[in-house]
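The lines below spell out each chain.
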Amino acid sequence: MVTTNDEIFFNHVKLRSHKTLSPENLRRINELAAYTFSGLLSALQGFETSSCISRELRSDLPMSRITVYSKLLKCWESELRSEVRLIKPSERVVNLIDLYVGKYIISDLIGVVSAGVKETIYLDTSIAEFLKTDREVGEVISAISRKGSTYNLISSVLRDYRKVKIRELDVGEFSRKLSASYFRGLKNTLKELNISSYGLRCVEFLEEFEELKPRLRKALIEGRDLRSIATPLTQKQREVVLRTSKNIHDFEYVLSVLPTYFCHSMLKSLPISADILLDYLLLKEVEFSLLSYVIYLVNTGYSADLIKEEIGRWLRLYESITE
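Given the structure is predicted, the values throughout are model-derived calculations rather than measurements.

Asker: Looking at this model, I keep getting lost on the packing of aromatic side chains. Mind explaining?
Answerer: Any pair of aromatic rings gets described here by the distance separating the centres and the angle formed by the planes. Here the structure, examined in full by the defined rule, presents 13 aromatic pairs. Geometrically, the ring pair formed by Trp-76 and Tyr-100 is edge-to-face, given 5.8 Å between the ring centres and 80° between the ring planes. A residue pair is termed long-range when its members are at least 10 positions apart, and Trp-76 in helix H5 (residues 65-87) and Tyr-100 in helix H6 (residues 91-115) qualify at 24 residues. On the basis of relative accessibility, which here comes to 2%, the residue Trp-76 falls in the buried class. In this structure Tyr-100 comes out as buried when scored by relative accessible area, which is 5%.

Asker: Would you mind going over the state of the cysteines with me for this structure?
Answerer: Every disulfide links exactly two cysteines, by a covalent bond between their sulfur atoms. Per the stated rule, a full pass over the model turns up 2 disulfides. For Cys-52, the disulfide goes to Cys-75, at an S-S distance of 2.1 Å. Between Cys-52 and Cys-75 the sulfur-sulfur dihedral comes to about -85°; the bridge is accordingly left-handed. Here the residue Cys-52 occupies a position in helix H4 (residues 49-56), and Cys-75 occupies one in helix H5, the gap between them amounting to 23 residues. Disulfide pairing is shown between Cys-202 and Cys-263; the S-S distance is 2.1 Å.

Asker: Hey, could you run me through the pattern of salt bridges in this one?
Answerer: Opposite charge on two side chains lets them pair, provided their charged atoms get close. With the rule as written, the count across this model stands at 23 salt bridges. The salt bridge partner of Arg-313 is Asp-250, with a shortest N-O separation of 3.4 Å. Note that Arg-313 is positioned in helix H15 (residues 304-322) and Asp-250 in helix H13 (residues 248-267), a separation of 63 residues in sequence. Note on Asp-250: relative accessible area 12%, which makes it buried. One connected set of salt bridges, linked through shared partners, spans Arg-16, Glu-48, Arg-55, Glu-79, Lys-284 and Glu-287.

Asker: Help me understand unusual backbone geometry in this model?
Answerer: Positioned with a positive phi, Lys-88 is a non-glycine residue whose angle comes to about 60°. Topologically, Lys-88 is positioned in the loop between H5 and H6. Residue classification places Lys-88 among the exposed positions, given a relative accessible area of 55%. Phi at Asn-194 is positive, roughly 60°, even though this residue is not glycine. Note that Asn-194 resides in the loop between helix H10 (171-192) and helix H11 (197-221).

Asker: For this particular structure, what's the right way to read the nonpolar core?
Answerer: Soluble globular proteins tend to bury their nonpolar side chains together. Phe-9, Ile-154 and Phe-174 are the most contacted members of the largest nonpolar core, which has 114 residues in total. Ranked by residues supplied to this core, first place goes to helix H14 (residues 274-300) with 16 residues. Apart from residues no more than four positions distant in its own chain, Phe-9 is found in contact with Leu-80, Glu-83, Val-84, Ile-87, Pro-89, Val-93, Ile-97 and Leu-277.

Asker: Help me understand the packing of H5 against H14 in this model?
Answerer: Packed helices, taken two at a time, are described by the angle between their axes plus the distance between the axes. Close contact between H5 and H14 brings their axes to 8 Å; oriented N to C, the two are set at 140°. The angle between H5 and H14 falls in the class oblique. Crossing hand, H5 versus H14: right-handed. Along the contact surface, H5 presents Arg-65, Val-68, Tyr-69, Leu-72, Leu-73, Trp-76 and Leu-80, while H14 presents Tyr-280, Leu-281, Lys-284, Glu-285, Phe-288, Ser-289, Leu-291, Ser-292, Tyr-293, Ile-295 and Tyr-296. Considering only residue class, the contact of H5 with H14 consists of 13 nonpolar, 2 polar and 3 charged.

Asker: Could you clarify how one ought to interpret the environment of Ile-29 in this entry?
Answerer: Secondary-structure assignment places Ile-29 in helix H2 (residues 26-32). On the basis of relative accessible area, Ile-29 is assigned to the buried category, the value being 2%. Apart from the residues lying within four places of it in its own chain, the contact partners of Ile-29 are Leu-21, Tyr-35, Leu-40, Ala-43, Leu-44 and Phe-47.

Asker: Could you clarify how one ought to interpret the side chain of Glu-207 in this entry?
Answerer: Tracing the sequence through the fold places Glu-207 in helix H11. Excluding residues that lie within four positions of it along the chain, Glu-207 makes contacts with Ala-180, Phe-183 and Lys-187.

Asker: It is not clear to me how H10 should be interpreted in this structure. Could you clarify?
Answerer: Structurally, the α-helix is built with 3.6 residues per turn, so residues lying three or four positions apart point the same way. Along its 22 residues, H10 runs 31 Å from first to last C-alpha, staying within 8% of the 32 Å computed at 1.5 Å per residue. Burial in H10 covers these residues: Val-171, Phe-174, Leu-178, Ser-179, Ser-181, Tyr-182, Phe-183, Leu-186, Thr-189 and Leu-190. The inward-facing, buried residues of H10 contact H6, helix H9 (149-158), H11 and H14. The N-cap of H10, judged by a side-chain oxygen 3.3 Å from the amide nitrogen of Gly-172 a few residues on, is Asp-170. Directly beyond the C-terminal end of H10, a positive phi value near 60° is found at Asn-194.

Criteria and cut-off values
Residues numbered from 1 in each chain as written. Predicted model: local features only at pLDDT ≥ 70, side-chain atom pairs only at ≥ 80, totals over all residues. Heavy atoms only, no water. Phe/Tyr/Trp six-rings, centres within 6.5 Å; stacked < 30°, edge-to-face > 60°. Helix = DSSP H or I, 4+ residues; strand = E, 2+ residues; numbered from the N terminus. Buried < 20%, exposed > 50% of the residue type's maximum accessible area, 1.4 Å probe, protein only. Disulfide = S-S within 2.5 Å. Salt bridge = Lys/Arg side-chain N within 4 Å of Asp/Glu carboxyl O. Core = buried A, V, L, I, M, F, W, Y, C linked by side-chain atoms within 4.5 Å. Contact = heavy atoms within 4.5 Å. Axes fitted to C-alpha atoms, helices over the stretch in contact; angles between N-to-C directions. Parallel < 35°, antiparallel > 145°, perpendicular 65-115°, else oblique. Left-handed = near helix turned anticlockwise from the far one by under 90°. Nonpolar A, V, L, I, M, F, W, Y, C, P; charged D, E, K, R; others polar. Expected span 1.5 Å × (residues − 1). Polar contact = N/O pair within 3.5 Å; in protein donor to acceptor, adjacent residues only side chain to side chain.

In structure tokens, the structure reads:
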């Protein structure tokens, strides 16, 4: 069931989406930016992200890409939460936003457990340190209790491993179970908001592609033919994945953005609804990814020509995905 306030919020999100740095707008940035920090800020005037960049990244001091991404994401979330408090959409809308942000907690957790990642975006620092110890999973469950809905989702999956040492956890199996639980919750929340069949297909594809990505990476590393792995994709998608597999940088870019572009092509012209909110959230993820990289390159001192070529490559890849 969708409330009147939900509809007002969806309309508000639609207006915000027009100020999102969509892939189509990259060409404008490439034409306007002088590839200095001040030049980039000037080129981004009119986009909603400009306020967060000027507020959270006040200088041109070098920062890691993850740090820039984290600052932009958290600033945007704070602004969006303020709009939620003002408009007061239903709890279902709030749950959807919580789930979106929760994916970063899950990603951080998997990164820490599998590879000892040191710089995280959303995972509580104390939990990240706890996960690096030799304790049992059951102790992790106790440590993350009462920390929010995403941590409850993580705990529900961890209960299957409560007597296992953290370092002995089957990360691959745990990650798959956690992903399945996450997407199940996402689909249920969207159904409660009367998501269209297009929106549901989008989420299904996001889940399918999340399972496909590690298999594609593994096949590429092992020098195997990717065509048999990429069979779940459409012919156009397979062609793009196979073509970019010759360049690891392009390959990773396509793996990161292809699902969002697939969804965007279906959702962007739909009537004002939960579909619009889903499209907006996904586009913001791509925006943060692209901008954090550009800002990192600018502040690290890379030449304007190199940065322009990078953005040009993204544009060509985007066009090959959507043509």
